[in-house]
Structures are given as structure tokens and as C-alpha cells.
Amino acid sequence: MRIHCPFCGERDLIEFSYLGDANFKRPDASAADAPARFFDEVYLRDNPAGPHAELWYHASGCRSWLRVRRNTRTHEILGGELAKTGGPTATGGPTVAGA
Amino acid sequence: MSKNNPAAPYRLPTGGLVDRSQVLSFLFDGRRYTGFGGDTLASALLGAGVKLVGRSFKYHRRRGVLTAGSEEPNALVELRSGARREANTRATVAELYEGLEACSQNRWPSLAFDVAAINSLLSPIFVAGFYYKTFMWPAALWEKLYEPVIRRAAGLGRASQQADPDTYEKAHAFCDVLVIGAGPAGLAAALAAGRSGARVVLCDEDFLLGGRLNADRHEIDGSSGGDWARQIEAELRSLPEVRILLRTTVFGAYDDGPGARTFGALERVSDHLAVPPAHQPRQRLWKLIATRTVLAAGAIERPIVFGGNDRPGVMMASAVRTYVNRFGVVPGRRVAVFSASDDGWKTAFDLIDAGVAVEAIVDPRAVIAPVLLDQAKRVQARVYSGAQVVDARGGRGLERIVVRQPDGRVTKLSVDALAVSGGWNPSVALTTHVGGRARWSDDACAFVPGELPRGMSVAGAAGGSFGLASALREGAAAGAAAAAATGFTGAAPPVWRADDEALGVTPLWYVAESTAKAFVDFQHDVTREDVALAAREGYRSVELLKRYTTLGMATDQGKTSNLNGHAIMAALTERAIPDVGTTTSRPPYTPVAIGAFAGSHRGKHFKPTRFTSGHVFAQERGATFVEAGQWLRAQWFAAPGETHWRETVTREVKAVRSSVGVCDVSSLGKIDIQGLDAGEFLNRVYINLFSTLPISKVRYGLMLREDGLVMDDGTTARLGTHHYLMSTTTANAAKVMQHLEHARQVLWPELDVQMVSVTEHWAQYAIAGPNSRRLLERLLGDALEVSNDAFPYLACAEFGWRGVTARLFRISFSGEMAYELAVPARFGDAVIRAIMTAGEEFGVVPYGTEALGVMRIEKGHIAGNELSGTTTAEDLGLGRMMSKRKDFIGRVLSARPGLTDANRPVLVGVKAVDKAAQLYAGAHFLALNAAATLENDEGYITSVAFSPMLGHWIGLGLLQRGPQRMGERIRAHSPLRGGDTEVEVVSPLFFDSEGTRLHG
């Protein structure tokens, strides 16, 4: 498997570490239903047979987190982009109360 | 036939592609034989008249050579001896070399007389599903009785039980066009692509290019097939962008997509030699990255299922031609052919031309092409059309066959070999590895490739085109098209003249009239009756059939057996074969040794060894080292006369606590974090606040995973307004870096924060003990004021020292007044020596990780044993660190009911009631009179040490409601180590609980 890294080009699988579903969005921790939403996000991930958006870390390269679309049936890499700019972002990160 | 060669009575006097000038001597089951260069072990054995080469897996039936290729199910041998002994090697692909040693398998005491052959008489109980049915009860007997007995009786070859003395390596290659298989289609494809200038890799599992061209008598443009193959090879070798990999099996296709695709291939670099040459591996694992692929893997001839079809002497018709034409070996002196295809008749004609008596051609088809009948008549071969071989009989080998004619008449023929052809199965495996499904073809009477992986095309027999001219035409077209697709548009594909005989097959899957045991899967001893039993018992899907009968699950993965088994199932359940379907093949196509996958990553090469810059100093001081992740760290420094490591560690601890010691802590992870939002970022990843940390101060921090469990701990220093330096544990350094990068890039890309690992950039030494400050004053001089007022506990500073930027942190793991001094790594060696010189008058000692560990346990500090991935901040007594003023990773889920259960084990200290008793990590806590059962388990000891300061063993552990049970007596039960010790629950802070030494 070869993964396209926007900085490094197409690189071999062994340079990357896998995390999982890239659709993870850190829920709003102040919401009333935060525990249930965090539980869903942390544990209840989709595992589709087919195209899947995943997070890969270019550990032996530029240390970028990539949002990679991979077909889980064929290992076809359908695209890769920087998670920082192209990937999902949290809505309203936590701030220090009173700091 | 040679009458004057007693050593090789079945070798023809001339002919074949073997080098008769090169006589090779070899041993089989201790007997000496000879063969020629270019032989396989199988061809040499057959030439020597050895028909019996092994015993079968379950019934221990006598077995001979069935095929001439990698699909061989029977002729499995132990190749080589000693540490190089390799079990389950197929004699049909093992190249002969001088001095080769091989042994048959599955026999005791000898191949000719085998005790376990009694299994064959007990065969009514050894039917499909026998393991499930026979040994259901009592389960306890599995481990002690059934399994050892079955394993001894049913095992394949023996492992050498010794370390492999050879080396393996991995290599990558990139190409525009990968051609898999070097038969006529593959050679045509490689040449067409190669001539265009494309980068071509051509792989073949054989040691000779040509495939069936070396085994059949064909003409291409007036040359023999073999000569043509040699001409093409010569041209390919002249093309600079073409790489030929002989003895190389492409065993797996690993991804699909519009770009390049990855294939795994195994090159048997030295398997054809007794010992690999100097600096050469035994095998090389290739990762081939190809833009386009031409699959020209050919086809495998299928057997017919009839009574006694496993008898030594029964052989595939194509294999017989291979032995006759390529190796100059005949399989018998009176041979019959049992063929359901025109192709099988060629075997009869080739045998007759080689001077072998053909007793009969038995063909189940009622109507046979006149051209074949004419030719048979010319050579005076007796033909039984519409007839079937119902039984093959004999003792050690085949002696006679029973032929049943259409009118029911039965004829017995005395023969010593039978060539069988049931048609051909295209080798479609590589088209299915990434999810493709094979498709049934009525034309080919076999499964052919269905939807292909993108970028792959199929040529020749692999696609069901069995004629030679078709193979050449398809190969040339596919090779040219593949090259053109990668931008190499050259000349038109080459054209050659050759015959294009059709296969002409009407499949006969099995002979219904056979009453004797008829084998479907030779290697796993699956019979037609087993398939019938599976059908009767409802295991009708091919996937269930496979698992119930083990059809196709042997090392050959059913290359000769799957389709026959599925076709029998189809007939028994009155379904069409495409409706029954076929099982999916997965990599590897043929067995690949684990050693090849490991490559050079063995022993010390498994992972890099990292040395701190103080390593040489530690070596000079006689340190014993321990692996910590990839790092080697000094574990202790034994002094002359010390006889036990605990004596050494006790001395080191006492020296630190009474004066001063120094420990190399360079391996701890260090992450430099900068940016306008650096403080905010740390607030989100640590459970406690860091934005409020004053500049030039250090704070202990704990981070959780998002699931609420503890991930890592360490200190973080604030070096400037927007500049922090985090330390992590040695083991988790890379994991924490990845975690922080995830938080920075994925969770909160809007934060202005940057980070870099600086672990290797700094050498860092902990200087601990009541004299540590005096040592530092001597060492640093005017460079930094280190008095308690100027540099109190948790202070830090970056300062110039002898022209170098140094950092000092007043932090302590030992509980003593302590500092950590960091300098750029290249000065690490000089600095440790300078520390030792400055500390000479205080008797400074270097101490290792063991003393470090003892002192942290005396102080109740957590480390790797407690940061086990199953503990919460509350469990570790650090719940109060969790800030209520902010959110942080893991906060929400750390409040889950399961993680806040009042009954969770919490960190405590324990000491033995009997001061002399030893404690063991891993011991479980039980009430004094409780039985040692899971229900009574109350926690466990995580860390133990003999405390030099207290003079007895102490431990840290996780105990249910621990903090409320101070003073209570419980047991630490360690069945593994035999200890059952009464202990008292105490505070984890064993030593200097007021912390006066720390702040002194």
C-alpha cells in the first residue's frame, strides 16, 4: 500500500501509523449530553466495507496527520490530505474557565 | 529405454533439458541416488525408479509424485538436515544439487512399513468432522491425550528446532509492467512491453523460463518451444530496462487502485544450493510496485476422482509429459492414459514416441475427435472411449487398473503408471486477492478471472485461453497495451506462428461407479465420501464444506482439489457449479517462510539500539545495561567484590540518600512546545493547569487518553512566555509525540502551537542527594546561582556554561534534593565526567535504573508498572490534580460510572508483616481467610523493592478502597512464585513522608 502525503509524495505504508476513523469530531464537552456523545465518538465507530476516511500519521516522514480515503475491501487509496487544513475540526475547543 | 543405467532405470538415454554431463549425487531416506543438473528432486527420484515418496496426512497411505509443479499435494519431504532442515518441501520444485539430503514424512518406523497406516483400516471413524465428533467429551482430555496423539500421528514434517543459520532479506522494485509467469504468454508480454522501453519485471517460479514450452512438444516459427523461449530470453536479457526474476513466486496482490499496486514475491536465491554463497541470503522477499500487470500464470491440470486415484504411479498427464520431455524420465514401463480432454492424448503420443508401451487410452467421452483416433491407430494404441477407470490397485505402487466400458464390461489392465487429465484450472488466485471473484466459464469448463484488479490484464491459460497461438497473441497484446498505458508506445506487438489446438474437454469430475476410496484432496485425505457426508449433514456451502472436511486447507491450498470437491457437491445437491461457487484464495499463493517475512529484522536487527551519550562512560564503569524501549540504560554499576545485584543497588541507594549520586536520564522523552497558544494547548492535553505555570518553573503533569484512562506522566518546564519543554516517560515518548501531534493537527488546528521532539538533542543527568547542591556549585561555578533561595524546588533555568547552552531543573524522582542538568548531546560524555570530578570529594556514585526504581517506590511515585493503560488518575491517587476549571482530553469519559466506581482498586503501599518476607509484583490481594478465587480478588501488587532505608521489602499496589484501609492486614497471594504473604496496608509514601529532604 502506498499513501499520498501532500508534503512527501507517495510513500510506502511502513512509514505510517494508523489511528482509525477520520470522522471523529471531539464533541462539545460542555453540552448536557457530553458523556453520551463522547462515548459514541470514542467507541462506536463505523467500519464500512468500501471507501473509508481514516487518520494516518506519517511517523517516519513529516509527522503530518493525514486524512486518507481508503477502500477497505481493496486497499485502494482514494486520496490523502492534511488533517490540519482539510480534515475535520472540533467545534469550539475547550478554554480555561477564569484563566 | 535405458537398460544399461542401473542407477537410473527410468531415465531415457537422451533428450530433455537436463545437463547429463553434470551428475549429482543425493540422499533420500538415507539411500544414495544420482540425478543430473537441471533435475528436480522429483524427476531425479522418478528417474531412479523411486515411486513411493511419502505417506498421507490422515490415513498414512502410500503416496507418489502427482504433479511436476508447485501445486504438488503428495511429494512433500523434509529437505536438508540439521538446522537447515525444512519440512513440507515439495520435491517437484526442489532443485537437485550435489549432496542434497531429503527424508520422507509421516511415516514410522519406515516409509515402506508404517504403523499408523492402520488409520486406513479405521477409516470409517476418520471421516469428515471426525475431530469434532469423536473427541467432544470430556474436554479435559484434549490437552493431555487427544491432541498429542493426533499431532504425532497426523503432523506434517518436523521443524528443525534450531535457529535458522541463514539470512533473508527484503527488497523493493518499481516497474511499469510486471509480468507474472514466463510461459509463452508471459514471454510474449514481457518482450512486447520490453521492446517499448518500459521498465519490466518478469517473474517465474521455475528456474527455467518457458513454462509448458519446456514440457510440451510445440513449434513456434519453426523452432521448438524450448528454443523459442531461449531466444526470447536472450533478447529480454539484452534490454536494459527488463529484469528477470527466476525462482520467484508472486504470492500476493495487496492493493488495488489507479496508481501503482503492490505485489509480494519470494525469490528463492539459494534454495537450489546446499549452503547460500557468502553474503547471499537464502531467500529474498520482494515488494514489487507495478503500474500495470500482466498475469500469465498459466493453469493447473485437475485430477479425476476415482477409486485408488492416490496410488503411487497415478500422475497428472501434463506432469508425465514434463518428466518425459523436460527431464528425460518416464514414469513407468506400461502406462495407461485416463483423459477427459484432447490434451491428455498428447501424453500417450509423447510416451509412445519415447519408446514407452501405452496399454490404453481411456476416455470417458463417447465422441472423440477423428484426428485423435487416427493418430492412436497409427501408433497402435488401444482406445476405450466412453469408458472410465473405476479403480487403481496395487501394493507399494500401481499394478493394475480396472476399466469400465459403456456397456458395463469391466477390463483389468496391468500397468505401472496412469496419466490422468480432467481438464485445466486457470491460476486465478492473484485476481482474487483484492476482492475479485472468479467467474465460471462454460467454454473453459473452469473458473476464469472475473473482475480484474485495476491495471491487471490476463493472457493465455490463466484467462482460459489454452491454445498456444492464443497465448502468444494475447500475451503480446497485453504486454504492448500495458506498456502503452504507462506512456511507452512502441512498435506493434510481435507476431509468431504456432498451432492453436483447443483443449477439447468434457469434464469428468468423479467416477460414480468407484467403490474404493477416491481422493479429492490428496494432501488432507479428503475423499468423495467425505464430501458426500458433508452434503448429507447439511454442510453444503463451499465455505462450510471446506471447514468441515478440511478440503483445500492443506499447504497446497487445494490447487488440485478445490474445483473437484465443489463439482461433486454441486452434483450431489443437484446444483450447477457456478451456483455452488468457489472459495476465495488469499495470499500467499504458495507457502512463504516466516524467515522471509522477517527478513534481516532478527535479533539485534529487530529494532535499533539507541545509546545515550553517557554510554561509554557507563561501560567504563562496568554498568549492566537494560533495554528501555529502544534505549540501553545502565541498570546498576557493580563495584568490585559485590556478589548480587541487590547488594549493588542497596549501596547505590544509600550513597544517594547519604551524599550524592548521578543517573543518566537522557532517554526520557523531551518535546519542545512553542507558540502563542502553547499554554492553552497544554491545558487541554494535561489534566492540570499549565497556562498558570510561572516562567522558569516546572510542574508535574498527567495526561489521559480520550477514554479517561491515564496515558503518561512527566514534568513540563516553562522556559518562556510561549515556550514549554515537556518530558515523557522513556517508553511512551513516541506515543505521546503522536498523541500531541494529533491534538494539534486534528483536534485543534486553530491553536497557534508548534512542537518538535528534542529527546536526542539533549544529554540529561539527574544529580540527587543531600550533597547535590554542593556538587553543582563546584561544577557550575559562577554560571548559575543554585542556592535554595535562588533556585528552589521546581525551579528551572537555561544558562550559558563554558560556552554551551545548558538547562537545569530542580526536580526529583528519588525524593532527595535533586537536579537534572541538560546539555547538548555531544557534550554528554564530557559532562558526566565533569560531574564525577566535581563530586569526587562527596563520594558521588553513578546509579542505574534499578536504584532509581527502588527510590521512587520508597517515595510512592508511579512509573510504568502503574501507568498500565488500565488505571485512572483517581486509581493512582492523583484525582485531585484534575482541574475543574477547564476541559481536557479524557475529562468527560473519566467520569464514567465504571471509572468512578468506589470499589476500584486504588494505589496503596504494602509491607510484609514478617519483615524478612519477600514480596512479589503481580501478587493478588486477598482477605486474610479468603480462598484464592477470582471473586475474592481485591487488587494486586504493581511494584516491589527491597528498601535499603527501611531494611525490608515494600510494595505499591492497587487495592479496592485502599486509602480507607490503612493499617489493615491482608494477604499478597502469588501462586506463580509460590508466595502467600501477610501484608499491612500503609501509605505509599514510605520514606521521608514530610518531604524535608526534597526541599532542603
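Along each chain, residue indices are assigned from 1 in the same order as the chain's sequence is written. Starting at A for chains and at 1 for ligands, labels are handed out in the order in which the entities are written. Residue-level local features of this predicted model are given only where pLDDT is at least 70; pairs of side-chain atoms are given and counted only at 80 or more, and the full residue set underlies all totals for whole chains, interfaces and linings.

Notes on helix α12 (residues 528-536) of chain B
In an α-helix, one full turn covers 3.6 residues, which means residues spaced three or four apart are oriented alike.
All names here are of chain B.
Item 1. The burial label depends on the number of other C-beta atoms within 10 Å of a residue's C-beta. Counts of 20 or more mean buried, 12 or fewer mean exposed, and intermediate counts mean partly exposed, with C-beta atoms placed from the backbone. Runs of H or I in DSSP of at least four residues are treated as helices and runs of E of at least two as strands, each being numbered from the N terminus. Within α12 the residues assigned to the buried category are R528, D530, V531 and A534. Looking down the long axis of α12, one finds its buried residues gathered within 160° of arc, a one-sided arrangement.
Item 2. Contact between two residues is assigned whenever their backbone-derived C-beta positions fall within 7 Å. Where α12 is buried, its residues contact β29 (519-521), β30 (526-527), α13 (542-549) and α14 (562-572).
Item 3. A positive backbone phi angle near 95° is found at G538, which sits one or two residues after α12. In this context, the arc is that of the directions from the helix axis out to the C-beta atoms.

A few points about the interface of chain B and chain A
Item 1. Counting from both sides, the interface comprises 34 residues of chain B and, opposite them, 33 residues of chain A.
Item 2. Only α19 (678-685), α20 (733-747) and α24 (891-894) of chain B provide two or more residues apiece to the side of chain B that touches chain A.
Item 3. Of all the elements, α20 of chain B adds the most residues to the side of chain B that touches chain A, at 6 residues.
Item 4. The class makeup of the residues in the side of chain B that touches chain A is 11 nonpolar, 10 polar and 13 charged. In the scheme used here, Gly and all other residues not listed as nonpolar or charged are polar, with Ala, Val, Leu, Ile, Met, Phe, Trp, Tyr, Cys and Pro taken as nonpolar and Asp, Glu, Lys and Arg as charged.

What about the sheet that holds strand β23 (residues 410-414) of chain B?
All names here are of chain B.
Item 1. Strand pairing requires that DSSP identify at least two bridges connecting the strands. Pairing is antiparallel across the open sheet formed by 3 strands, whose spatial order is β21-β22-β23. For this open sheet the edge positions go to β21 (388-393) and β23, each flanked by a neighbour on one side alone. On average, each strand axis in the sheet is tilted by 25° relative to the strand beside it, whichever way the strands run.
Item 2. Where β21 and strand β22 (residues 400-404) come together, 5 bridges link them in antiparallel fashion. Bridge assignment links R393 to a residue of β22, and that residue is R400. A fitted line through C-alpha atoms represents every axis, and for helices the fit uses only the stretch in contact; the resulting angles, taken between N-to-C directions, go from 0 to 180 degrees.

Description of the environment of V362 of chain B
All names here are of chain B.
Item 1. Here V362 is to be found in strand β19 (residues 357-363).
Item 2. Separated by 41 residues in the primary sequence, V362 and V403 have C-alpha atoms spaced 7.7 Å apart.
Item 3. Look past the residues within four positions of V362 in its chain and what remains in contact with it is A336, V337, F338, Y384, A387, Q388, V389 and V403.

Describing the sheet that holds strand β6 (residues 77-82) of chain A
Item 1. Pairing in this open sheet of 4 strands is antiparallel, and the strands run β3-β4-β5-β6 (chain A) from one edge to the other. Every interior strand has two partners, whereas the edge strands, β3 (17-21) and β6 of chain A, have only one. For this sheet, the mean angle separating the axes of adjacent strands, direction not counted, is 30°.
Item 2. On the sheet, α20 of chain B packs against β3, β4 (51-57) and β5 (65-71) of chain A and is oriented at approximately 85° with respect to β5 of chain A.

Quick notes on unusual backbone geometry
Item 1. Here P587 of chain B and P588 of chain B are connected by a cis peptide whose omega angle stands at -5°.
Item 2. Position of P588 of chain B among the secondary structure elements: in the loop between α15 (577-580) and α16 (594-598).
Item 3. In the Ramachandran plot, H75 of chain A falls in the positive-phi region, its phi being about 65° despite a non-glycine side chain.
Item 4. Inspection of the secondary structure assignment puts H75 of chain A in the loop between β5 and β6.
Item 5. According to the C-beta neighbour criterion, H75 of chain A is partly exposed, with 19 such atoms within 10 Å.
Item 6. Not every positive phi belongs to a glycine, and S696 of chain B is a case in point at roughly 70°.
Item 7. Positionally, S696 of chain B belongs in the loop between α19 and β36 (697-704).
Item 8. On the basis of neighbour count, S696 of chain B is assigned to the partly exposed category, with 15 C-beta atoms found within 10 Å.

Some words on the nonpolar core
Item 1. Residues V177, A189, V389 and L418 of chain B are the most contacted members of the largest nonpolar core, which totals 176 residues.
Item 2. Beyond its immediate sequence surroundings of up to four residues, V177 of chain B is in contact with A193, A198, V200, A290, R292, V294, G479, A482, A483 and T486 of chain B.
Item 3. Ranked by size, the runner-up nonpolar core spans 123 residues in total, among them L66 of chain A together with V660, A766 and M855 of chain B. The term nonpolar core refers to a set of buried Ala, Val, Leu, Ile, Met, Phe, Trp, Tyr and Cys residues connected through C-beta atoms within 7 Å.

A closer look at the pairing of β21 of chain B
Item 1. Along β21 of chain B, 5 of the 6 residues are buried, which leaves the element largely enclosed by surrounding structure.
Item 2. Between the antiparallel neighbours β21 of chain B and β22 of chain B lie 6 residues, among them G394 of chain B with a positive phi of about 155°.

Observations concerning helix α21 (residues 772-780) of chain B
Residue and element names in this part refer to chain B.
Item 1. Listing the buried residues of α21 in full gives S772, R773, L775, L776 and L780. Looking straight down α21, one finds that the buried residues subtend no more than 155° of arc, so they occupy a single side.
Item 2. Against β40 (762-768), β41 (796-801), β43 (818-824) and α22 (828-838) lie the buried residues of α21.
Item 3. Just past α21, the residue G781 takes up positive phi, approximately 60°.

Some thoughts on the packing of helix α7 (residues 317-326) of chain B against helix α8 (residues 342-353) of chain B
Residue and element names in this part refer to chain B.
Item 1. Viewed as axis vectors pointing N to C, α7 and α8 meet at an angle of 30°, and their least axial separation amounts to 8 Å. Here α8 runs roughly parallel to α7, going by the angle between their axes. Crossing of α7 over α8 shows left-handed handedness. In contact with A317, V320, R321, V324 and N325 of α7, α8 contributes G344, K346, T347, D350 and L351.
Item 2. Classifying every residue of the contact of α7 with α8 by side-chain character gives 4 nonpolar, 3 polar and 3 charged. Every angle not falling under 35 degrees, over 145, or within 65 to 115 is termed oblique; those three ranges are roughly parallel, roughly antiparallel and roughly perpendicular. In this scheme, a crossing is called left-handed if the near helix is turned counterclockwise away from the far one by less than a right angle; it is called right-handed if the turn is clockwise.

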